[in-house]
Amino acid sequence: MKPRSMEEKISYLLFLMGFAGLACTAALCIFVFHKAFREQAWTALERETDLVAAGCAQVDDPSQLETYVDGSLRITLIASDGSVLFESATNQPMENHLSRPEIQQAMKSGVGRDCRDSQTLGYETYYYAMLLTNGDILRVAQDSETIWSIYDAALPAIVLSCFLMMGAAAIIAGLLTKSLVQPVLKMTDDLDHIQENVPYKELIPFAENIHSDRMLRENNEKMRQEFTANVSHELKTPLTSISGYAELIETGIAKPADTPDFARKIHVEASRMIQLVNDILQLSHLDNVSETGAAPAMETVDLLDVARECVERQKVNARHSYISLTYLGESAPVTGSRSLLDELCQNLCDNAIRYNRPGGKVQIITACTRDGHCTLTVKDNGIGIPKEAQTSVFERFYRVDKSRSKATGGTGLGLAIVKHIARIHNARIKLDSVVDEGTTITVIFETAS
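- By the naming in an unreviewed UniProt entry, the protein is histidine kinase, taken from Faecalibacterium prausnitzii.
- Annotation of the protein in UniProt includes, under Subcellular location (unreviewed entry), the sentence "Membrane".
- Entered under Catalytic activity (unreviewed entry) in the UniProt record, the comment concerning the protein runs "ATP + protein L-histidine = ADP + protein N-phospho-L-histidine."

Pasting the structure below:
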């Protein structure tokens, strides 16, 4: 089903509101006019009755009341027993009127009135009765058009007016809708500055979200381009070395005594490429997890066990670099992916060893705080990170000391992987570092429930 435009919907609703308003106004007018019409009819009939009653006191014979009769007025004089003494509408004998509602009311309270449908279609008769001083009852009646017959007579004009009003309402609704919608449509003319061209304050959050989304997309695209350029550069360097050494061996330029050394260099560069490709694949996987929200299988993991196994895996690497590697702390259960938490600890520990000095120390510490958090801390006394670089170390391919990173085989992706793993676990990272004194990185998790 094709969705309607906002302009069509607003026009439809405005037209519907106009129609509903017209219908309600018509119903209210009918009610008010009918009530006013009847009140006016009763007031006029009451005045006529007072005049006839005054004349009735001055006549001796009821037939003399004929002088007060005009074309629309009907006069009836009724005795206290209900017999009709005078009727202006006919000379024929009439039945007893004691059962008539207006007569009964007049006998009880002095006056009475009733309205009954007339024999003539579209008319109703108003009866007003008054108790005279001599005990007789004077009744004055008058035929009048019903409010509905008046409306029937005016029906063509009413229908025409309704059509004209609805046509005007449709035109006004269209113009009003266009004046409301056009500023919104013009917002899209310049998406780069959409937040500066907001016509209505209700659209400010909408415009800001669009602007933020565009900025985020542009930043992501820029990051992808930079990432592609960095990957190309990082892969080109070892490939050039491998190609160069292989060519020397292939052409026989390399001396037999140099061949083992060239082969070793080719192996080192190939290992570095493998490590780089593995890190890129892992980072791509973590990006996909973050974007799709497809979180890995979670379980209760003790950070103390993660630290213990990390020390076991890294002790050979630490020994080759003459680094003392230890772990300590208490049981710290968190909800997470065991493989990802192992990799997080591995990368932090590897960086602490890589950017340290011979004879240095690396400690992995686990703890639980009173506020319901568990922490994994990797602390070293290595070269440290300059303050101006501390906000950038978690970016991809960022290296504080590029020459040292390449000399030690770093890819520049370790801390970026750590940041992604922490984000997947809703964890926070705290970095404290002083140049030539060392670095402490703490990852703060929610305690497993």
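Some details on the packing of helix H8 (residues 338–354) against helix H10 (residues 414–424)
And step 1. For the pair H8 and H10, the least separation of the axes is 9 Å and the interaxial angle reads 145°. Handedness of the H8/H10 crossing: left-handed. Of the residues in H10, those touching H8 at Leu340, Glu343, Leu344, Asn347, Leu348 and Asn351 are Gly414, Leu415, Ile417, Val418, Ile421, Ala422 and Ile424.
And step 2. Residue composition of the contact of H8 with H10, by class: nine nonpolar, three polar and one charged.

Examining the confidence of the model for the protein
And step 1. Averaged over the protein, the pLDDT score is 80; the fraction of residues at 70 or greater is 87%.
And step 2. Per-element averaging of pLDDT across the protein places helix H9 (residues 402–408) at the bottom with 51 and strand S9 (residues 361–368) at the top with 94.

Notes on the sheet that holds strand S7 (residues 324–329)
Strands in a sheet are paired, the pairing made by backbone hydrogen bonds, and the direction either parallel or antiparallel.
And step 1. Across the sheet, five strands lie side by side as S7-S9-S10-S12-S11; this open sheet has mixed pairing. Edge positions in the sheet fall to S7 and strand S11 (428–434), since each has one partner strand and no second. Going from strand to strand, the sheet's axes swing by 10° on average, the running direction of each strand aside.
And step 2. Of the strand pairs in this sheet, strand S10 (residues 373–380) and strand S12 (residues 438–446) are connected by eight bridges, and their pairing is antiparallel.

Let's talk about H10
And step 1. Counting buried positions along H10 gives nine out of eleven residues, so the element sits mostly inside the fold.
And step 2. Turning to H10, its buried residues number three or more, namely Gly414, Leu415, Ala416, Ile417, Val418, His420, Ile421, Ala422 and Ile424.
And step 3. Looking one or two residues beyond H10, the residue adopting positive phi is Asn426, at roughly 55°.

Some points on the nonpolar core
And step 1. Of all hydrophobic cores here, the largest spans 40 residues; its most connected members are Leu303, Leu344, Leu348, Ile364 and Phe445.
And step 2. Elements that contribute at least two residues to this core include exactly helix H7 (303–320), H8, S9, S10, H10 and S12.
And step 3. Among the elements that take part in this core, H8 stands out by supplying eight residues, more than any other.
And step 4. Setting aside chain neighbours within four positions, we find Ile364 in contact with Ala307, Cys310, Val311, Thr326, Tyr327, Leu328, Cys345, Cys349, Leu376, Thr377 and Val378.

A short note on the packing of aromatic side chains
And step 1. Taken as a whole and judged by the stated rule, the model has one aromatic pair.
And step 2. Geometrically, the ring pair formed by Trp42 and Tyr126 is edge-to-face, given 5.1 Å between the ring centres and 85° between the ring planes. In this pair, Trp42 is assigned in helix H1 (residues 6–56) and Tyr126 in strand S4 (residues 123–131), connecting sequence segments 84 residues apart. Across this residue pair, the class does not change: Trp42 and Tyr126 are buried.
And step 3. Above the plane of the ring of Tyr127 lies Arg116, whose end atom (NZ or CZ) is 4.0 Å from the centre.

As for the pairing of strand S2 (residues 84–87)
And step 1. In the sheet, strand S1 (residues 73–78) pairs with S2 via three bridges, with the strands oriented antiparallel. In the sheet register, Leu77 faces S2, and the bridge partner there is Phe86.
And step 2. The loop that links S1 with its antiparallel partner S2 comprises five residues; one of these, Gly82, has a positive phi angle of about 100°.

A look at the side chain of Asp302
And step 1. Relative to the helices and strands, Asp302 resides in strand S6 (residues 299–302).
And step 2. At a separation of 2.6 Å, a polar atom in the side chain of Asp302 contacts the side chain of Ser331.
And step 3. Sequence-distant contacts of Asp302, that is, excluding residues within four places in its chain, are made with Ser331, Ala332 and Pro333.

Let's talk about the environment of Ala57
And step 1. With respect to the element layout, Ala57 can be found in the loop between H1 and S1.
And step 2. The exposure class of Ala57 is exposed, given its relative accessible area of 70%.
And step 3. Distance in space between the C-alpha atoms of Ala57 and Leu132 is 8.6 Å, their sequence separation being 75 residues.

Observations regarding the pattern of salt bridges
And step 1. The tally for this structure, following the rule as stated, stands at 14 salt bridges.
And step 2. Put simply, Asp305 and Arg308 hold a salt bridge, and the shortest N to O gap is 2.7 Å. Taken together, the residues span about one helical turn, with Asp305 and Arg308 both in helix H7 at a distance of three residues.
And step 3. Residue classification places Asp305 among the partly exposed positions, given a relative accessible area of 27%.
And step 4. The class for Arg308 is partly exposed, based on a relative accessible area of 32%.
And step 5. Measuring nitrogen to oxygen at the nearest pair gives 3.0 Å for the salt bridge that ties Asp436 to Arg357. Of this pair, Asp436 sits in the loop between S11 and S12 while Arg357 sits in the loop between H8 and S9, and the two are 79 residues apart along the sequence.

Reading the values: the criteria
Residues numbered from 1 in each chain as written. Predicted model: local features only at pLDDT ≥ 70, side-chain atom pairs only at ≥ 80, totals over all residues. Heavy atoms only, no water. UniProt positions renumbered as here; feature names shortened; annotations may be inferred. Axes fitted to C-alpha atoms, helices over the stretch in contact; angles between N-to-C directions. Helix = DSSP H or I, 4+ residues; strand = E, 2+ residues; numbered from the N terminus. Left-handed = near helix turned anticlockwise from the far one by under 90°. Contact = heavy atoms within 4.5 Å. Nonpolar A, V, L, I, M, F, W, Y, C, P; charged D, E, K, R; others polar. pLDDT = per-residue confidence, 0-100. Pairing = 2+ DSSP bridges. Buried < 20%, exposed > 50% of the residue type's maximum accessible area, 1.4 Å probe, protein only. Core = buried A, V, L, I, M, F, W, Y, C linked by side-chain atoms within 4.5 Å. Phe/Tyr/Trp six-rings, centres within 6.5 Å; stacked < 30°, edge-to-face > 60°. Lys NZ or Arg CZ within 6 Å of the ring centre and 35° of its normal. Polar contact = N/O pair within 3.5 Å; in protein donor to acceptor, adjacent residues only side chain to side chain. Salt bridge = Lys/Arg side-chain N within 4 Å of Asp/Glu carboxyl O.

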